Amino acid sequence: MPKHIASGLKYLAALELVRDGYSQKQISKMLNVNKSTLSHYLNGRNISLGSIEIAEIVREFSPRDFLVFTDAIIEDKEATKTIVKTCLVNKYSVEVKDSCIGCGICVDTCLIDAIVLDDLKAHIDSDICCGCQICAEKCPTNSINILEE
Amino acid sequence: MAANIKEVKAKDFNVERSAEEDRELSFKDESCVGCGVCESICPVGAIKLGSVGAIVRNDIDESKIEIDEEKCVLCGMCSVGCPVDALEFTVDGTPISEIETYPKLISSAEIDDDTCIYCKACERACPREAITVARQLPDRSKLVTGEIDIDKETCIDCGICEEMCPADAITIDQKGPEDFDIAVDKDKCVYCLVCKKACPVDAIMAACRTCSYGEYDLDPKDAEVTGKALIDDDACVRCGWCEEVCPVDAAKVEKPFEGELNLDLDKCTTCGACVDVCPCDVLFFPKSSAPGTIDDKLMKDEQFCIYCGACENVCPVEAIDVKRTGIKCTPTKSKSWQKSIDSLKTN
Amino acid sequence: MELKVNQDNCLGCGVCVVACPVNVSISPEVSGGHGSKTTETIMMVENGVIKLFSEDKCTKCGTCQVFCPTDAIWLE
(Lines give C-alpha, C1' and ligand atoms only; values in the text may rest on other atoms or scores of the structure.)
Protein backbone atom coordinates (compact mmCIF):
# COMPACT_ATOMS: atom_id res chain seq x y z
CA MET A 1 0.00 0.00 0.00
CA PRO A 2 2.66 2.64 0.89
CA LYS A 3 4.32 1.90 -2.44
CA HIS A 4 1.04 2.64 -4.23
CA ILE A 5 0.70 5.98 -2.51
CA ALA A 6 4.33 6.69 -3.33
CA SER A 7 3.50 6.07 -7.00
CA GLY A 8 0.56 8.41 -6.68
CA LEU A 9 2.75 11.16 -5.28
CA LYS A 10 5.34 10.61 -8.00
CA TYR A 11 2.56 10.79 -10.57
CA LEU A 12 1.39 14.14 -9.22
CA ALA A 13 4.93 15.47 -9.19
CA ALA A 14 5.56 14.15 -12.70
CA LEU A 15 2.52 15.98 -14.03
CA GLU A 16 3.73 19.25 -12.51
CA LEU A 17 7.19 18.70 -13.93
CA VAL A 18 5.86 18.01 -17.41
CA ARG A 19 3.89 21.22 -17.17
CA ASP A 20 7.07 23.01 -16.14
CA GLY A 21 8.66 21.76 -19.33
CA TYR A 22 11.00 19.06 -18.09
CA SER A 23 11.72 16.13 -20.39
CA GLN A 24 10.78 12.60 -19.39
CA LYS A 25 14.45 11.77 -19.15
CA GLN A 26 15.01 14.59 -16.68
CA ILE A 27 11.91 13.72 -14.69
CA SER A 28 12.85 10.05 -14.44
CA LYS A 29 16.14 11.14 -12.87
CA MET A 30 14.54 13.68 -10.55
CA LEU A 31 12.00 11.22 -9.20
CA ASN A 32 14.23 8.15 -9.32
CA VAL A 33 11.74 6.18 -11.50
CA ASN A 34 12.72 4.35 -14.67
CA LYS A 35 11.60 5.85 -17.92
CA SER A 36 9.07 3.21 -18.90
CA THR A 37 7.35 3.35 -15.50
CA LEU A 38 7.28 7.10 -15.81
CA SER A 39 5.71 6.98 -19.24
CA HIS A 40 3.11 4.55 -17.91
CA TYR A 41 2.42 7.01 -15.07
CA LEU A 42 1.98 9.88 -17.46
CA ASN A 43 -0.41 7.85 -19.57
CA GLY A 44 -2.46 7.12 -16.48
CA ARG A 45 -1.52 3.47 -16.47
CA ASN A 46 0.25 1.22 -14.02
CA ILE A 47 -1.13 3.05 -11.02
CA SER A 48 -3.36 1.10 -8.74
CA LEU A 49 -6.86 2.23 -8.19
CA GLY A 50 -7.25 5.05 -5.71
CA SER A 51 -3.55 5.87 -5.40
CA ILE A 52 -3.87 9.15 -7.22
CA GLU A 53 -6.94 10.09 -5.20
CA ILE A 54 -5.12 9.36 -1.96
CA ALA A 55 -2.04 11.24 -3.17
CA GLU A 56 -4.27 14.21 -3.89
CA ILE A 57 -5.64 14.07 -0.36
CA VAL A 58 -2.11 13.92 0.99
CA ARG A 59 -1.24 16.95 -1.07
CA GLU A 60 -3.80 18.94 0.89
CA PHE A 61 -2.00 18.15 4.16
CA SER A 62 -0.19 20.92 6.01
CA PRO A 63 3.32 21.40 4.62
CA ARG A 64 4.76 19.66 7.66
CA ASP A 65 2.50 16.62 7.43
CA PHE A 66 3.02 16.41 3.68
CA LEU A 67 6.79 16.52 4.10
CA VAL A 68 6.94 14.01 6.95
CA PHE A 69 4.55 11.66 5.13
CA THR A 70 6.42 11.92 1.85
CA ASP A 71 9.76 11.49 3.56
CA ALA A 72 8.43 8.34 5.19
CA ILE A 73 7.12 6.63 2.07
CA ILE A 74 9.60 7.80 -0.54
CA GLU A 75 12.89 6.07 0.01
CA ASP A 76 15.00 8.45 -2.01
CA LYS A 77 15.83 11.79 -0.46
CA GLU A 78 16.32 13.66 -3.74
CA ALA A 79 12.95 12.36 -4.99
CA THR A 80 11.32 13.52 -1.72
CA LYS A 81 12.82 16.96 -2.27
CA THR A 82 11.51 17.09 -5.84
CA ILE A 83 8.02 15.95 -4.86
CA VAL A 84 7.79 18.43 -1.99
CA LYS A 85 9.04 21.24 -4.15
CA THR A 86 6.67 20.55 -7.04
CA CYS A 87 3.57 19.65 -5.05
CA LEU A 88 3.74 22.40 -2.44
CA VAL A 89 3.24 25.65 -4.24
CA ASN A 90 3.28 28.15 -1.39
CA LYS A 91 6.27 30.41 -1.11
CA TYR A 92 7.95 31.15 2.19
CA SER A 93 10.17 33.88 3.39
CA VAL A 94 12.60 32.74 6.01
CA GLU A 95 14.43 34.91 8.46
CA VAL A 96 17.18 33.73 10.78
CA LYS A 97 17.67 36.15 13.62
CA ASP A 98 21.04 37.25 14.95
CA SER A 99 20.35 35.26 18.09
CA CYS A 100 21.26 32.10 16.10
CA ILE A 101 24.21 30.37 17.74
CA GLY A 102 25.11 28.08 14.86
CA CYS A 103 24.48 24.86 16.76
CA GLY A 104 23.40 23.11 13.56
CA ILE A 105 20.32 21.44 15.01
CA CYS A 106 18.20 22.93 12.20
CA VAL A 107 20.66 21.61 9.62
CA ASP A 108 20.33 18.13 11.11
CA THR A 109 16.56 18.43 11.35
CA CYS A 110 15.73 19.72 7.90
CA LEU A 111 14.48 16.82 5.78
CA ILE A 112 15.11 18.60 2.49
CA ASP A 113 18.58 20.07 3.06
CA ALA A 114 17.45 23.68 2.88
CA ILE A 115 19.81 24.87 5.61
CA VAL A 116 23.56 25.43 5.75
CA LEU A 117 25.77 27.00 8.41
CA ASP A 118 28.00 29.89 7.55
CA ASP A 119 29.96 32.02 10.01
CA LEU A 120 28.19 30.36 12.96
CA LYS A 121 24.77 31.23 11.59
CA ALA A 122 22.12 29.18 9.83
CA HIS A 123 21.21 30.22 6.30
CA ILE A 124 17.92 28.89 4.99
CA ASP A 125 17.23 28.75 1.29
CA SER A 126 13.74 30.20 0.89
CA ASP A 127 13.39 28.55 -2.54
CA ILE A 128 13.80 25.10 -1.05
CA CYS A 129 11.98 25.69 2.25
CA CYS A 130 8.58 23.99 2.32
CA GLY A 131 7.37 25.75 5.43
CA CYS A 132 7.24 22.69 7.64
CA GLN A 133 8.47 24.68 10.65
CA ILE A 134 10.31 21.69 12.14
CA CYS A 135 13.57 23.66 12.36
CA ALA A 136 11.82 26.63 13.95
CA GLU A 137 10.36 24.38 16.63
CA LYS A 138 13.65 22.65 17.38
CA CYS A 139 15.72 25.84 17.40
CA PRO A 140 17.02 26.27 20.96
CA THR A 141 17.17 30.05 20.65
CA ASN A 142 13.92 30.60 18.72
CA SER A 143 15.88 32.29 15.99
CA ILE A 144 13.95 31.05 12.94
CA ASN A 145 10.91 32.79 11.52
CA ILE A 146 9.16 31.19 8.55
CA LEU A 147 6.38 33.23 7.00
CA GLU A 148 4.10 32.36 4.12
CA GLU A 149 4.38 34.90 1.36
CA MET B 1 17.07 13.86 14.20
CA ALA B 2 20.16 12.30 15.72
CA ALA B 3 20.07 12.49 19.51
CA ASN B 4 23.06 13.42 21.64
CA ILE B 5 25.07 10.53 22.97
CA LYS B 6 26.81 11.00 26.27
CA GLU B 7 29.71 8.91 27.41
CA VAL B 8 31.04 9.25 30.95
CA LYS B 9 34.51 8.07 31.86
CA ALA B 10 35.26 8.58 35.57
CA LYS B 11 34.96 12.36 36.03
CA ASP B 12 35.28 13.16 32.33
CA PHE B 13 32.53 13.12 29.74
CA ASN B 14 31.88 13.33 26.02
CA VAL B 15 28.71 14.49 24.32
CA GLU B 16 28.34 13.69 20.66
CA ARG B 17 25.89 14.28 17.83
CA SER B 18 26.47 12.75 14.46
CA ALA B 19 24.34 13.90 11.55
CA GLU B 20 25.26 16.41 8.88
CA GLU B 21 28.37 17.06 10.92
CA ASP B 22 29.98 15.14 13.76
CA ARG B 23 29.97 17.43 16.75
CA GLU B 24 31.71 16.41 19.92
CA LEU B 25 32.28 18.10 23.26
CA SER B 26 34.79 16.55 25.64
CA PHE B 27 35.36 17.55 29.24
CA LYS B 28 38.56 16.93 31.16
CA ASP B 29 37.96 17.29 34.89
CA GLU B 30 41.65 17.41 35.67
CA SER B 31 42.08 20.62 33.69
CA CYS B 32 38.86 22.18 35.05
CA VAL B 33 39.34 24.81 37.76
CA GLY B 34 35.64 25.03 38.63
CA CYS B 35 35.26 28.68 37.58
CA GLY B 36 31.74 28.33 36.18
CA VAL B 37 32.34 30.34 32.99
CA CYS B 38 30.86 27.44 30.99
CA GLU B 39 27.73 27.49 33.13
CA SER B 40 27.20 31.20 32.56
CA ILE B 41 27.95 31.20 28.83
CA CYS B 42 25.81 28.13 27.93
CA PRO B 43 22.87 29.49 25.90
CA VAL B 44 20.56 26.63 26.85
CA GLY B 45 21.37 26.14 30.53
CA ALA B 46 22.76 22.64 30.00
CA ILE B 47 25.79 22.98 32.28
CA LYS B 48 25.66 23.05 36.05
CA LEU B 49 28.65 23.86 38.20
CA GLY B 50 29.10 21.32 40.99
CA SER B 51 30.00 21.95 44.64
CA VAL B 52 33.55 22.83 43.70
CA GLY B 53 34.59 23.80 47.24
CA ALA B 54 33.68 20.45 48.71
CA ILE B 55 35.02 18.53 45.71
CA VAL B 56 38.43 20.21 45.70
CA ARG B 57 38.93 20.40 49.47
CA ASN B 58 37.69 16.98 50.45
CA ASP B 59 38.75 15.07 47.37
CA ILE B 60 35.17 14.06 46.63
CA ASP B 61 34.88 11.74 43.67
CA GLU B 62 32.57 13.96 41.65
CA SER B 63 32.96 15.92 38.45
CA LYS B 64 33.28 19.70 38.86
CA ILE B 65 30.62 20.30 36.22
CA GLU B 66 27.58 18.37 35.11
CA ILE B 67 26.06 18.46 31.67
CA ASP B 68 22.50 17.64 30.69
CA GLU B 69 22.93 16.00 27.31
CA GLU B 70 19.21 16.39 26.62
CA LYS B 71 19.57 20.16 26.81
CA CYS B 72 23.00 20.52 25.22
CA VAL B 73 22.79 21.61 21.57
CA LEU B 74 26.50 21.19 20.90
CA CYS B 75 27.10 24.78 19.87
CA GLY B 76 30.59 24.92 21.38
CA MET B 77 30.26 28.18 23.32
CA CYS B 78 31.38 26.59 26.60
CA SER B 79 34.54 25.43 24.92
CA VAL B 80 35.33 28.92 23.64
CA GLY B 81 34.62 30.51 27.05
CA CYS B 82 36.63 28.01 29.10
CA PRO B 83 39.81 29.86 30.12
CA VAL B 84 41.72 26.66 30.88
CA ASP B 85 40.82 24.44 27.90
CA ALA B 86 38.97 21.88 30.00
CA LEU B 87 36.22 21.67 27.39
CA GLU B 88 37.22 20.76 23.88
CA PHE B 89 34.77 21.00 21.03
CA THR B 90 35.36 19.42 17.64
CA VAL B 91 33.42 19.57 14.39
CA ASP B 92 34.12 16.63 12.10
CA GLY B 93 37.16 15.86 14.21
CA THR B 94 38.73 19.33 13.98
CA PRO B 95 38.99 21.32 17.23
CA ILE B 96 37.17 24.62 16.83
CA SER B 97 40.28 26.42 18.01
CA GLU B 98 41.57 25.56 14.53
CA ILE B 99 38.39 26.61 12.71
CA GLU B 100 38.51 30.27 11.79
CA THR B 101 34.79 31.02 12.00
CA TYR B 102 34.81 30.24 15.72
CA PRO B 103 36.15 32.89 18.08
CA LYS B 104 38.97 31.91 20.42
CA LEU B 105 40.19 33.34 23.70
CA ILE B 106 43.64 34.83 23.25
CA SER B 107 45.93 33.39 25.86
CA SER B 108 49.30 31.75 25.90
CA ALA B 109 52.22 30.72 28.05
CA GLU B 110 55.60 30.16 26.50
CA ILE B 111 59.14 29.65 27.64
CA ASP B 112 61.80 30.69 25.15
CA ASP B 113 64.43 27.98 25.03
CA ASP B 114 67.05 30.37 23.64
CA THR B 115 66.78 32.61 26.70
CA CYS B 116 66.01 29.96 29.34
CA ILE B 117 68.86 29.07 31.69
CA TYR B 118 67.02 25.99 33.01
CA CYS B 119 67.13 27.15 36.61
CA LYS B 120 63.74 25.52 37.30
CA ALA B 121 62.40 28.58 39.16
CA CYS B 122 59.23 28.38 37.05
CA GLU B 123 58.85 24.67 37.71
CA ARG B 124 58.94 25.32 41.45
CA ALA B 125 56.59 28.31 41.30
CA CYS B 126 53.92 26.89 38.97
CA PRO B 127 50.79 26.32 41.05
CA ARG B 128 49.50 23.73 38.58
CA GLU B 129 52.70 21.71 38.26
CA ALA B 130 52.41 22.35 34.55
CA ILE B 131 56.09 23.01 33.85
CA THR B 132 58.82 20.43 33.41
CA VAL B 133 62.38 21.59 32.90
CA ALA B 134 64.54 18.84 31.50
CA ARG B 135 68.22 19.79 31.60
CA GLN B 136 71.59 18.26 30.83
CA LEU B 137 74.42 19.41 33.04
CA PRO B 138 77.95 19.74 31.66
CA ASP B 139 80.59 17.18 32.54
CA ARG B 140 82.25 18.14 35.77
CA SER B 141 85.66 17.25 34.35
CA LYS B 142 85.28 19.96 31.73
CA LEU B 143 84.87 22.69 34.34
CA VAL B 144 88.14 22.02 36.14
CA THR B 145 91.66 21.26 35.16
CA GLY B 146 94.54 19.95 37.20
CA GLU B 147 96.81 17.07 37.98
CA ILE B 148 96.73 14.34 40.57
CA ASP B 149 98.93 11.39 41.27
CA ILE B 150 99.13 8.99 44.20
CA ASP B 151 102.47 7.42 45.04
CA LYS B 152 101.53 3.84 45.82
CA GLU B 153 104.92 3.17 47.39
CA THR B 154 104.38 5.82 50.05
CA CYS B 155 100.65 5.13 50.49
CA ILE B 156 99.82 3.16 53.64
CA ASP B 157 96.29 2.07 52.54
CA CYS B 158 94.65 4.01 55.38
CA GLY B 159 91.58 4.87 53.27
CA ILE B 160 91.32 8.46 54.58
CA CYS B 161 91.46 10.02 51.10
CA GLU B 162 88.78 7.67 49.82
CA GLU B 163 86.53 8.52 52.74
CA MET B 164 87.08 12.26 52.48
CA CYS B 165 86.91 12.76 48.73
CA PRO B 166 83.74 14.88 48.16
CA ALA B 167 83.51 13.74 44.57
CA ASP B 168 83.90 10.00 45.22
CA ALA B 169 86.80 10.01 42.80
CA ILE B 170 89.17 7.78 44.78
CA THR B 171 88.69 4.03 45.05
CA ILE B 172 90.80 1.50 46.90
CA ASP B 173 90.56 -2.08 45.82
CA GLN B 174 91.53 -4.26 48.79
CA LYS B 175 92.81 -7.49 47.33
CA GLY B 176 94.33 -8.99 50.47
CA PRO B 177 95.50 -7.88 53.93
CA GLU B 178 98.49 -6.04 52.50
CA ASP B 179 97.66 -6.11 48.82
CA PHE B 180 95.70 -3.18 47.36
CA ASP B 181 95.19 -0.94 44.35
CA ILE B 182 94.39 2.76 44.64
CA ALA B 183 93.01 4.75 41.72
CA VAL B 184 91.69 8.25 40.98
CA ASP B 185 88.89 8.72 38.48
CA LYS B 186 89.95 11.88 36.67
CA ASP B 187 86.46 12.44 35.27
CA LYS B 188 85.18 12.83 38.81
CA CYS B 189 88.12 14.59 40.49
CA VAL B 190 87.65 18.35 40.92
CA TYR B 191 91.21 19.00 42.16
CA CYS B 192 89.99 20.36 45.46
CA LEU B 193 93.13 19.01 47.10
CA VAL B 194 91.30 17.71 50.17
CA CYS B 195 92.96 14.29 49.73
CA LYS B 196 96.38 15.84 49.47
CA LYS B 197 95.86 17.85 52.65
CA ALA B 198 94.38 14.91 54.57
CA CYS B 199 96.94 12.25 53.58
CA PRO B 200 98.94 11.44 56.73
CA VAL B 201 102.01 10.33 54.73
CA ASP B 202 102.01 12.91 51.89
CA ALA B 203 101.54 10.23 49.26
CA ILE B 204 99.34 12.43 47.07
CA MET B 205 100.59 15.04 44.69
CA ALA B 206 97.90 17.22 43.26
CA ALA B 207 97.54 20.68 41.75
CA CYS B 208 94.58 22.68 40.59
CA ARG B 209 95.41 24.53 37.40
CA THR B 210 92.28 26.63 37.51
CA CYS B 211 93.43 28.13 40.79
CA SER B 212 97.04 28.61 39.78
CA TYR B 213 96.66 29.93 36.27
CA GLY B 214 93.05 30.99 35.91
CA GLU B 215 90.76 29.44 33.41
CA TYR B 216 93.03 29.65 30.39
CA ASP B 217 92.45 26.16 29.10
CA LEU B 218 88.70 25.87 29.76
CA ASP B 219 86.21 26.39 26.95
CA PRO B 220 83.16 28.29 28.29
CA LYS B 221 81.01 26.33 25.82
CA ASP B 222 81.75 23.18 27.79
CA ALA B 223 80.17 24.76 30.88
CA GLU B 224 76.80 25.37 29.24
CA VAL B 225 73.65 23.80 30.68
CA THR B 226 71.36 22.65 27.90
CA GLY B 227 67.78 21.44 28.05
CA LYS B 228 64.15 22.15 27.36
CA ALA B 229 61.36 23.77 29.34
CA LEU B 230 57.98 22.25 28.63
CA ILE B 231 54.56 23.63 29.54
CA ASP B 232 51.70 21.17 29.76
CA ASP B 233 48.91 23.11 28.06
CA ASP B 234 46.23 20.96 29.69
CA ALA B 235 47.37 21.93 33.17
CA CYS B 236 48.55 25.53 32.55
CA VAL B 237 46.08 28.25 33.55
CA ARG B 238 48.13 31.25 32.28
CA CYS B 239 48.47 32.72 35.78
CA GLY B 240 51.85 34.32 35.13
CA TRP B 241 53.84 32.91 38.06
CA CYS B 242 56.52 31.59 35.67
CA GLU B 243 56.87 34.99 34.02
CA GLU B 244 57.23 36.67 37.42
CA VAL B 245 59.86 34.33 38.86
CA CYS B 246 61.93 33.87 35.71
CA PRO B 247 65.30 35.60 36.30
CA VAL B 248 66.01 36.01 32.58
CA ASP B 249 62.56 36.92 31.23
CA ALA B 250 62.30 33.73 29.20
CA ALA B 251 58.66 33.08 30.20
CA LYS B 252 55.87 35.05 28.58
CA VAL B 253 52.23 34.72 29.58
CA GLU B 254 49.16 36.30 28.05
CA LYS B 255 45.96 36.05 30.07
CA PRO B 256 42.54 35.83 28.40
CA PHE B 257 40.65 37.99 30.89
CA GLU B 258 41.32 41.36 32.48
CA GLY B 259 39.61 42.50 35.63
CA GLU B 260 39.62 43.24 39.31
CA LEU B 261 39.58 41.04 42.38
CA ASN B 262 37.97 42.60 45.43
CA LEU B 263 37.88 41.10 48.91
CA ASP B 264 35.37 42.19 51.51
CA LEU B 265 37.25 41.45 54.71
CA ASP B 266 34.30 42.39 56.92
CA LYS B 267 32.34 39.50 55.47
CA CYS B 268 35.22 36.99 55.27
CA THR B 269 35.14 34.30 57.93
CA THR B 270 38.51 32.83 56.89
CA CYS B 271 37.07 29.45 55.99
CA GLY B 272 39.76 29.07 53.34
CA ALA B 273 37.56 27.71 50.56
CA CYS B 274 38.79 30.38 48.13
CA VAL B 275 42.43 29.72 49.04
CA ASP B 276 41.99 26.02 48.33
CA VAL B 277 40.04 26.52 45.10
CA CYS B 278 42.14 29.29 43.48
CA PRO B 279 44.09 27.66 40.65
CA CYS B 280 46.67 30.44 40.64
CA ASP B 281 47.82 30.69 44.25
CA VAL B 282 46.54 34.26 44.36
CA LEU B 283 44.83 34.10 47.74
CA PHE B 284 46.56 33.36 51.00
CA PHE B 285 46.29 33.85 54.73
CA PRO B 286 48.99 36.18 56.05
CA LYS B 287 51.45 35.05 58.69
CA SER B 288 51.01 37.09 61.85
CA SER B 289 53.74 39.71 61.95
CA ALA B 290 54.09 39.58 65.76
CA PRO B 291 52.30 37.85 68.63
CA GLY B 292 48.96 39.44 69.30
CA THR B 293 48.89 41.42 66.04
CA ILE B 294 45.83 41.26 63.90
CA ASP B 295 46.68 41.31 60.22
CA ASP B 296 44.31 41.24 57.26
CA LYS B 297 42.20 38.12 57.29
CA LEU B 298 42.90 37.25 53.70
CA MET B 299 45.45 38.57 51.23
CA LYS B 300 45.92 38.47 47.48
CA ASP B 301 48.68 38.55 44.88
CA GLU B 302 46.42 39.95 42.23
CA GLN B 303 49.07 39.96 39.52
CA PHE B 304 48.59 36.20 39.23
CA CYS B 305 44.77 36.33 39.10
CA ILE B 306 43.15 35.13 35.87
CA TYR B 307 39.74 36.52 36.90
CA CYS B 308 38.13 33.13 36.41
CA GLY B 309 35.75 33.67 39.32
CA ALA B 310 36.18 30.27 40.99
CA CYS B 311 36.82 31.94 44.38
CA GLU B 312 33.72 34.11 44.11
CA ASN B 313 31.57 31.08 43.30
CA VAL B 314 32.88 29.06 46.20
CA CYS B 315 32.77 31.77 48.89
CA PRO B 316 29.86 30.91 51.21
CA VAL B 317 29.47 34.47 52.48
CA GLU B 318 29.84 36.59 49.32
CA ALA B 319 33.06 38.16 50.49
CA ILE B 320 34.70 38.02 47.08
CA ASP B 321 33.84 39.99 43.99
CA VAL B 322 35.57 39.20 40.72
CA LYS B 323 35.03 41.76 38.01
CA ARG B 324 35.92 40.89 34.45
CA THR B 325 36.44 44.10 32.51
CA GLY B 326 38.07 42.75 29.37
CA ILE B 327 37.91 39.57 27.34
CA LYS B 328 40.67 39.00 24.83
CA CYS B 329 39.14 37.05 21.98
CA THR B 330 39.56 36.70 18.25
CA PRO B 331 36.73 38.35 16.27
CA THR B 332 33.60 36.54 15.16
CA LYS B 333 31.01 37.55 12.60
CA SER B 334 28.24 36.00 14.68
CA LYS B 335 26.40 38.60 16.74
CA SER B 336 25.07 36.03 19.19
CA TRP B 337 28.55 34.66 19.85
CA GLN B 338 29.95 38.15 20.31
CA LYS B 339 27.14 38.91 22.71
CA SER B 340 27.76 35.75 24.71
CA ILE B 341 31.48 36.47 24.95
CA ASP B 342 30.77 40.06 26.00
CA SER B 343 28.37 38.74 28.63
CA LEU B 344 31.37 37.29 30.46
CA LYS B 345 32.27 40.86 31.35
CA THR B 346 30.76 41.96 34.62
CA ASN B 347 29.41 45.45 35.05
CA MET C 1 25.58 16.75 47.03
CA GLU C 2 24.26 16.70 50.58
CA LEU C 3 25.55 17.54 54.02
CA LYS C 4 25.58 14.48 56.27
CA VAL C 5 26.42 13.78 59.89
CA ASN C 6 27.19 10.66 61.87
CA GLN C 7 26.30 11.31 65.48
CA ASP C 8 28.00 8.08 66.59
CA ASN C 9 31.36 9.49 65.50
CA CYS C 10 30.74 13.01 66.80
CA LEU C 11 32.77 14.18 69.79
CA GLY C 12 30.56 17.22 70.25
CA CYS C 13 33.63 19.47 70.00
CA GLY C 14 31.74 22.05 67.97
CA VAL C 15 34.63 22.87 65.66
CA CYS C 16 32.39 22.53 62.63
CA VAL C 17 29.84 24.90 64.16
CA VAL C 18 32.52 27.54 64.65
CA ALA C 19 34.31 26.94 61.36
CA CYS C 20 31.20 27.04 59.18
CA PRO C 21 31.26 30.43 57.45
CA VAL C 22 27.52 30.45 57.00
CA ASN C 23 26.92 29.81 60.70
CA VAL C 24 29.23 32.66 61.61
CA SER C 25 27.48 35.06 59.30
CA ILE C 26 24.06 34.06 60.66
CA SER C 27 25.00 34.04 64.30
CA PRO C 28 28.30 35.86 64.97
CA GLU C 29 28.47 34.69 68.57
CA VAL C 30 29.33 31.14 67.46
CA SER C 31 32.73 32.36 66.28
CA GLY C 32 33.50 33.20 69.91
CA GLY C 33 32.82 29.59 70.82
CA HIS C 34 29.37 30.31 72.23
CA GLY C 35 26.45 28.19 71.26
CA SER C 36 24.11 29.64 68.68
CA LYS C 37 20.98 31.17 70.09
CA THR C 38 19.00 30.36 67.02
CA THR C 39 18.19 27.28 64.97
CA GLU C 40 18.77 29.43 61.90
CA THR C 41 22.32 28.12 61.75
CA ILE C 42 23.13 25.08 59.66
CA MET C 43 24.33 22.92 62.55
CA MET C 44 24.66 23.02 66.33
CA VAL C 45 25.83 20.76 69.10
CA GLU C 46 22.80 19.55 71.01
CA ASN C 47 23.05 17.20 73.98
CA GLY C 48 26.71 16.63 73.21
CA VAL C 49 26.36 15.68 69.55
CA ILE C 50 26.08 17.50 66.26
CA LYS C 51 22.66 18.08 64.79
CA LEU C 52 21.66 19.66 61.49
CA PHE C 53 19.05 22.40 61.63
CA SER C 54 19.05 24.42 58.43
CA GLU C 55 21.09 22.31 56.05
CA ASP C 56 19.36 23.95 53.09
CA LYS C 57 21.59 26.99 53.76
CA CYS C 58 24.74 24.95 53.18
CA THR C 59 26.78 26.29 50.23
CA LYS C 60 28.91 23.13 50.17
CA CYS C 61 32.24 24.85 50.70
CA GLY C 62 33.50 21.80 52.59
CA THR C 63 34.95 23.73 55.55
CA CYS C 64 33.22 21.62 58.25
CA GLN C 65 34.61 18.46 56.70
CA VAL C 66 38.10 19.95 56.53
CA PHE C 67 38.09 20.67 60.26
CA CYS C 68 36.12 17.74 61.76
CA PRO C 69 38.60 15.54 63.67
CA THR C 70 36.48 12.39 63.44
CA ASP C 71 34.86 12.50 59.99
CA ALA C 72 31.48 12.91 61.64
CA ILE C 73 30.33 15.58 59.18
CA TRP C 74 30.81 15.41 55.44
CA LEU C 75 29.43 16.14 52.01
CA GLU C 76 28.43 13.43 49.59
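Residues numbered from 1 in each chain as written. Chains lettered and ligands numbered in written order. Predicted model: local features only at pLDDT ≥ 70, side-chain atom pairs only at ≥ 80, totals over all residues. Heavy atoms only, no water.

In the annotation of an unreviewed UniProt entry, chain C is listed under the name 4Fe-4S ferredoxin iron-sulfur binding domain-containing protein and assigned to Methanobacterium lacus.

A look at the domain arrangement of chain B
Convention followed: Residue ranges for the domains originate in an automatic or database domain assignment.
Here chain B is described as being made up of domain 1 (23-98) and domain 2 (140-223). Distance from the C-alpha centre of domain 1 of chain B to the C-alpha centre of domain 2 of chain B: 62 Å.

Examining helix H2 (residues 24-31) of chain A
Residues and elements named next belong to chain A. Going by this rule: Exposure categories follow from relative accessible area, calculated using a 1.4 Å probe and restricted to protein chains: below 20% of the type maximum is buried, above 50% is exposed, and the middle band is partly exposed. Strands are runs of DSSP state E lasting at least two residues, helices are runs of H or I lasting at least four, and both sets are numbered from the N terminus onward. Regarding the arc, it is the one traced by the directions from the helix axis to the C-beta atoms. Contact criterion: two residues are considered in contact whenever any of their non-hydrogen atoms come within 4.5 Å of each other.
Listed as buried for H2 are Ile27, Ser28 and Leu31. The buried side chains of H2 occupy one side of the element, clustering within an arc of 100° when seen end-on. Counted as exposed and oriented over 90 degrees from the buried face of H2: Lys25 and Lys29. Check the buried side of H2 and you find it contacts helix H1 (2-19), helix H3 (35-42) and helix H6 (77-87). Among the residues trailing H2, Asn32 stands out with phi positive, at a value near 55°.

Considering the nonpolar core
The following threshold applies: In this text, buried Ala, Val, Leu, Ile, Met, Phe, Trp, Tyr and Cys residues form a nonpolar core when linked through side-chain atoms within 4.5 Å.
Membership of the largest hydrophobic core comes to 72 residues, with the highest contact counts inside it found for B:Ile65, B:Ile67, B:Leu87, B:Leu261, B:Val282, B:Leu283 and B:Ile320. Setting aside its immediate chain neighbours within four residues, B:Ile320 contacts B:Leu261, B:Asn262, B:Leu263, B:Cys274, B:Leu283, B:Cys311, B:Glu312 and B:Cys315.

Here we look at the interface of chain B and chain A
Heads up, the condition is: Simply put, the buried area is the total loss of 1.4 Å probe accessible area from both parts when two parts are fitted together. Any Lys or Arg side-chain nitrogen found within 4 Å of a carboxyl oxygen on Asp or Glu counts as a salt bridge. Two N or O atoms form a polar contact when they lie within 3.5 Å of each other; inside protein one atom must be a possible hydrogen donor and the other a possible acceptor, and for residues adjacent in sequence the pair counts only when both atoms belong to side chains.
The interface is formed by 21 residues belonging to chain B together with 17 residues belonging to chain A. Of the roughly 1,500 Å² buried between chain B and chain A on both sides combined, carbon and sulfur atoms contribute 61%. Viewed at the interface, chain A and chain B are joined by 3 salt bridges. With its nearest N and O atoms 3.4 Å apart, the salt bridge here joins B:Lys333 to A:Asp119. The interface formed by chain B and chain A holds 11 residue pairs in polar contact (both at pLDDT 80 or more) in total. With 3 residues, the top contributor of residues to the side of chain B that touches chain A is helix H11 (residues 335-342) of chain B.

Brief notes about the side chain of C:Lys60
Put simply, the rule reads: The charge count treats Lys and Arg as positive and Asp and Glu as negative. His and the chain ends do not count.
With respect to the secondary-structure elements, C:Lys60 resides in the loop between strand E3 (49-52) and helix H3 (63-67). Nearest to the buried, unbridged C:Lys60 among oppositely charged side chains is C:Glu2, at 8.3 Å. Those residues in contact with C:Lys60, other than ones at most four positions away along the chain, are B:Ser51, B:Gly53, B:Ala54, C:Met1, C:Glu2 and C:Leu75.

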